[in-house]
Structures are given as structure tokens and as C-alpha cells.
Amino acid sequence: MKAKGWRDLPPGSVVLEGGSAVKFKTGSWRAFRPIWIEENCIQCLFCWIYCPDMAVEVKDGKRTEFDYDYCKGCGICALECPGRKGQKAIVMAEEGK
Amino acid sequence: MATPLTLKELSKKEDRFTHGHRMCSGCGAPIVVKIAMMATEYPVVVSNATGCLEVSSCISEFTAWNVPWIHTAFENAAATLSGVETMYRSLKKQGRFDKDKEVKFIAFGGDGGTYDIGFQSLSGAMERGHDMIYICYDNGAYMNTGIQRSSATPLGADTTTCPAGSVIPGKLRARKNLTKIMAAHDIPYVAQASPSHWLDLAKKIQKAHEIKGPKFINVIAPCNRGWRSKTNDAIQLSRLAVNTCYWPLYEIENGVTRITVTPKEKISVAEFMKPQGRFKHLFSPENEGLLQRVQDEVDREWAKLQKEAKTD
Ligand SMILES: Cc1ncc(C[n+]2csc(CCOP(=O)(O)OP(=O)(O)O)c2C)c(N)n1
Ligand code: SF4
Ligand code: SF4
Ligand code: SF4
Ligand SMILES: [Mg+2]
């Protein structure tokens, strides 16, 4: 993705396309990676509501995979995940290991 | 028009605040914003005061906003939006805007942009009676420019302009109670909320949209950079803020105060402060008195609120 020069921008700094930030992937910021352990998941969706980066995908009301293109690896989802019988459904692992 | 406030239903909606924004990893503000934006079906127009949220959510041609959004200067998010809302009413009156379509207006500002520099424009917009919600995301300092104290910075907190050291033990003044100041404007709805209590927050937003006139909602928004805490604890810390009664959840509707969430057990404010580096010095013996003062302030405010509140 090539950044535009100022001459290419509409006058008055108007951005015409809503939600265009999706073209900017923030996943490379991540130092830790959340890993979903499906068998411990009770589908409470707390990870989805609390993720600051909208990086938990939900389809038809059910949590699916992380969206690693955007996940910044903060760990909020892992901390808030109740899991099943004290077994977390999200754990954090060091990126690149 | 009301969205059913269950996570399952909410998760089916299109994001009005998208990923790809550049707030720090684990920042509390985008959690506040996403919940606020998903809590209604109405078309919404947003104005945003300069601050972390504003500069990180729209950079060059990349905007995380999927609704009409106006960047304003630091001091005038409320004034700008009041102008937009007035234009909307005027166009409707002139028959130049679909009369059956209802648009809602939200201004977002940080604590610096709300308690301090944007206070005059906020107070004016509320007094003039504009039909809008002003949401302050309060992280307790001017974070975007490097953690300078604001009038929302808590007593004893270390910031770059009230640095804890041998001269002073952090901020010497208590925070100003902006929620109560807004209530003193005698507007129809004022509330305090926290992202940890997402349903309480969403209900307050939904309710505020149904009330005509000016509304103000103050939402705590942990900032791990300025609070010197971990990237994973924004929700945990905002929950502790509620359970210590440092940040009580309540609303004032037409002058009637109601506590919306009462902690099962009110815990010591130190539990909220301990995980935060900005309060580290308060746990050394020479600052015992100041730590006690923080607890006393919290207890006094909580007692006052309970006295004012209507018990159901
Ligand atoms: C009139 C003016 N003074 C100073 C600034 C520089 N400035 C930009 S953001 C900011 C701090 C914003 O603090 P706050 O409103 O609390 O939002 P936060 O960054 O903490 O989210 C400052 C001082 C400015 N943009 N305009
Ligand atoms: S680690 Fe943080 S950014 Fe990644 S999915 Fe979890 S909450 Fe979202
Ligand atoms: S928070 Fe944990 S248990 Fe709940 S949906 Fe997410 S992964 Fe599953
Ligand atoms: S400095 Fe604080 S408020 Fe600003 S983006 Fe980072 S975590 Fe959020
Ligand atoms: Mg701030």
C-alpha cells in the first residue's frame, strides 16, 4: 500500500470513504499473540466486546478466529476470558517463537 | 429502533468504528467508542476534539469512522456539533431534509478537551439546549501530548507536569467532579459509565438518544501509557474503579439521581491504584497520609452520592 501525497488528497482534508482505516493493518505491532482454544470456549463473546481493535471475528453470533491482520496483542481478551471450568479459552504466546 | 442489547445481537451489526485505527495496544478509549457507536440504530454524526482518539482514528485518508465524522480543534467539539445540529433542524424546517429521518449527534472529547480547554464550548452548547450527547472519555491527563496533568487527573497521580519526587508527591489537587458540574447545568440527562460494564454503558447511550435536549456522559477510559499499567488491564482497571467507588456508575435524569451499579463489596481504592505506576510513590511510607486522603475523598463522594440517590 502506497501512501498518498498531499496533492492526491481531496481539498479541505475530506475523507470520502468511511471505515477506510481497514486498509491499514495494525497486526505487525503485535509482540504477543492470542491463541484461541476452542474446546474451552463458552461463546460468551466478552473477548469480542472488549477488544479495542475489533480483532475477534464473530459469525452468526459465534466467535470464530482472531483477525491477526489487526490484533495488536494487548491481551485484554485473554485476561477477560472466563473459559470453561477455570480453563482459559485464550492464552498469549510470544510472537515469533 | 432500539437495538437489543445482547452481545449476540450486537455482534451482527456492521462496525461503526473499525479496526485499523492507531490507538496504542490495549487502549481503553476505542472500547468506549465502539460500545457507544453500536448501542443505537440511528444514523449518527460525530464531532471529535483533538486528543488521542481524534489523531489516531483518522490519519490522512485512513479513517476508522464509518459514520460522518468531523475533526474539530481541541476546544470546540461541542460548539462545532451544536452548529451541525442547528443546521439539521433548520434544513428540516425548510423541507430540505427528509422529515421522517432522524439523525443523532455525538461529540467525543478527552478529559483535557472536556474538563479544561473545551469546557466553555461544552457549557455553552448544553445551556443552549442542543439535542446531542457529549461523551467524555476520561483517561485523567493530556495523554496525546505526553501525560500532562488535567483537572481530571486524580489526587497524587504522577504526570510530567506534576512529577512525583522530592518536591511534590504528584498532583496536589483533587480532581474536579465534572459529572456533577454538568448536572448543575440542569440538563435532562447526565451519567457516568465504564467500559467494564458494557451493558450499563450501552443502556445509558440508548436511553440518552431517546431524550430530547443536551446529554452528557462521562466514561472512564484507562490509558496504559499514562497510567503506567499493563496493556491487558484496561477492563480490569475500569472495573476496579467501579468496585472501589472511585468511579461510581450513576445517572441523573431530570434531576433524579440513580446509582445504576452498586458494587457487591466496596473495596479499598488502593486496589485500583496499586497496578498503576502513576501512583507507585503513594505506597511508600512517607506518603501514607496522601493515600489516606485519596481514600477519604472517595468515601466522602460515595456517601454524598448515596444520599442523593433515589433507592428503587
Ligand atoms: C489549543 C490547543 N492547545 C494544545 C494542543 C495540543 N494538544 C493536542 S491533543 C492534546 C491533549 C489532549 O488531551 P485529552 O483531551 O485529555 O485527550 P487524550 O489525548 O488524553 O486522549 C493537546 C494538549 C492543541 N491541539 N490545541
Ligand atoms: S490481544 Fe488485544 S487486540 Fe488482540 S484480539 Fe485480544 S483484545 Fe483484541
Ligand atoms: S471470552 Fe473466552 S470463552 Fe468467551 S467467547 Fe471469547 S474465547 Fe470464548
Ligand atoms: S497514549 Fe493512552 S489514551 Fe493515547 S492511544 Fe495510547 S493508551 Fe490510548
Ligand atoms: Mg486525556
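Our subject is the structure that appears above.
A few points on the structure. (Residues numbered from 1 in each chain as written. Chains lettered and ligands numbered in written order. Predicted model: local features only at pLDDT ≥ 70, side-chain atom pairs only at ≥ 80, totals over all residues. Heavy atoms only, no water.)

Description of the sheet that holds strand 6 (residues 132–138) of chain B
All names here are of chain B. Taken in spatial order, the eight strands of this open sheet run 4-1-5-6-8-7-9-10, and their pairing is mixed. Each having just a single partner strand, strand 4 (69–71) and strand 10 (256–261) make up the two edges of the open sheet. Taken pair by pair, the neighbouring strands of this sheet meet at an average axis angle of 15 degrees, ignoring direction. Bridge count between strand 5 (residues 104–110) and strand 6: five bridges; the pairing is parallel. The partner of G109 across the bridge, within strand 6, is C136. Lying over the sheet, helix 4 (residues 77–93) contacts strand 1 (44–48), strand 4, strand 5 and strand 6, oriented at roughly 175 degrees with respect to strand 5. The sheet strands contacting helix 12 (residues 288–308) are strand 9 (249–253) and strand 10, and the helix crosses strand 10 at an angle near 120 degrees. (Pairing = 2+ DSSP bridges. Helix = DSSP H or I, 4+ residues; strand = E, 2+ residues; numbered from the N terminus. Axes fitted to C-alpha atoms, helices over the stretch in contact; angles between N-to-C directions. Contact = heavy atoms within 4.5 Å.)

Things to note about the coordination of the magnesium ion (ligand 5)
Residues and elements named next belong to chain B. Taken together, the protein ligands of the magnesium ion (ligand 5) are D111 (OD), N139 (OD1) and A141 (O), with distances of 2.0 to 2.2 Å. Donor residues binding the magnesium ion (ligand 5) come from one chain and are separated in sequence as D-x27-N-x1-A. Residue D111 is located in helix 5 (residues 111–116), and its partner A141 is located in the loop between strand 6 and helix 7 (178–183); the two are separated by 30 residues in the primary sequence. (Donors = N, O, S within 2.8 Å, 3.2 Å for Na, K, Ca; no water.)

Here's the deal with the site of ligand 2
P34, C51, P52, V56, F66, C71, K72, G73, C74, G75 and C77 of chain A make up every residue found near ligand 2. A breakdown of the residues in the shell around ligand 2 according to their chemical character gives eight nonpolar, two polar and one charged. (Near = heavy atom within 4 Å. Nonpolar A, V, L, I, M, F, W, Y, C, P; charged D, E, K, R; others polar.)

What about the site of ligand 1?
Residue and element names in this part refer to chain B. Taken together, 17 residues are adjacent to ligand 1, and G112, G113, Y137, A141 and N144 come closest. The contact in question runs from an oxygen atom of ligand 1 to an N or O atom on the backbone of G113, over 2.8 Å. In this structure, A141 approaches ligand 1 through a main-chain N or O atom, which is 2.9 Å from an oxygen atom. With three residues, the single largest contributor to the shell around ligand 1 is helix 5. (Polar contact = N/O pair within 3.5 Å; in protein donor to acceptor, adjacent residues only side chain to side chain.)

Let's talk about the pairing of strand 3 (residues 62–66) of chain A
All names here are of chain A. For strand 2 (residues 56–59) and strand 3, the ladder comprises three bridges, and the chain directions are antiparallel. Of the residues in strand 3, the one forming a bridge with V56 is F66. From the end of strand 2 to the start of strand 3, which pair antiparallel, there are two residues, and D60 there has a positive phi angle of about 50 degrees.

Quick notes on the interface of chain B and chain A
Taken together, the contact pairs 40 residues of chain B with 36 residues of chain A. Buried area between chain B and chain A, summed over both chains or domains, comes out near 3200 Å², and the portion from carbon and sulfur atoms is 64%. At the junction of chain B and chain A, the tally comes to one salt bridge. The closest approach of N and O atoms between E80 of chain A and R239 of chain B, which form a salt bridge, is 2.7 Å. Mapped onto the side of chain B that touches chain A, the elements with two or more residues apiece are helix 1 (7–10), helix 2 (29–38), strand 3 (62–63) and helix 10 (234–243) of chain B. In terms of residues, the side of chain B that touches chain A owes the most to one element, helix 2 of chain B, which gives five residues. Per-class residue counts for the side of chain B that touches chain A are 18 nonpolar, 14 polar and eight charged. (Buried area = accessible area lost by both parts, 1.4 Å probe. Salt bridge = Lys/Arg side-chain N within 4 Å of Asp/Glu carboxyl O.)

Here we look at the nonpolar core
Judged by nonpolar contacts, the single largest core of 67 residues is most densely connected at W48 of chain A together with M37, V46, W65, F108 and I217 of chain B. With eight residues, helix 2 of chain B is the single largest residue contributor to this core. (Core = buried A, V, L, I, M, F, W, Y, C linked by side-chain atoms within 4.5 Å. Buried < 20%, exposed > 50% of the residue type's maximum accessible area, 1.4 Å probe, protein only.)

Side note on the packing of aromatic side chains
Summed over the entire model, instances satisfying the criterion amount to twelve aromatic pairs over all chains. Ring centres of F24 of chain A and F62 of chain B lie 6.0 Å apart, and the angle between their planes is 55 degrees; this geometry places the pair in the tilted category. On the criterion of chain membership, the pair formed by F24 of chain A in the segment before strand 1 (32–36) and F62 of chain B in strand 3 is interchain, its members lying in two chains. This pair shows no difference in class: F24 of chain A is buried, exactly as F62 of chain B is. Summarising the aromatic geometry, the rings of W65 of chain B and F108 of chain B are spaced 5.8 Å apart at their centres and angled 45 degrees between planes, so their arrangement reads as tilted. Separated by 43 residues along the polypeptide, W65 of chain B in the loop between strand 3 and strand 4 and F108 of chain B in strand 5 bring together distant segments of the chain. An identical accessibility class is assigned to W65 of chain B and F108 of chain B; each is buried. Put simply, the rings of F17, W65, W69 and F108 of chain B touch in pairs and so form one group of aromatic residues. In this structure, R33 of chain A packs its charged tip against the face of Y68 of chain A, placed 4.0 Å from the ring centre. (Phe/Tyr/Trp six-rings, centres within 6.5 Å; stacked < 30°, edge-to-face > 60°. Lys NZ or Arg CZ within 6 Å of the ring centre and 35° of its normal.)

A look at the side chain of K215 of chain B
Residue and element names in this part refer to chain B. Within the element layout of this structure, K215 appears in strand 8 (residues 214–220). Exposure remark for K215: the relative accessible area of 2% places this residue in the buried category. Side chain to side chain, K215 and D131 meet in a polar contact 2.9 Å long. Polar side-chain contacts of K215 include one of 3.5 Å to the backbone oxygen of A208. K215 has contacts with M126, D131, M132, I133, Y134, I187, Y189 and A208, leaving out every residue within four places of it along the chain.

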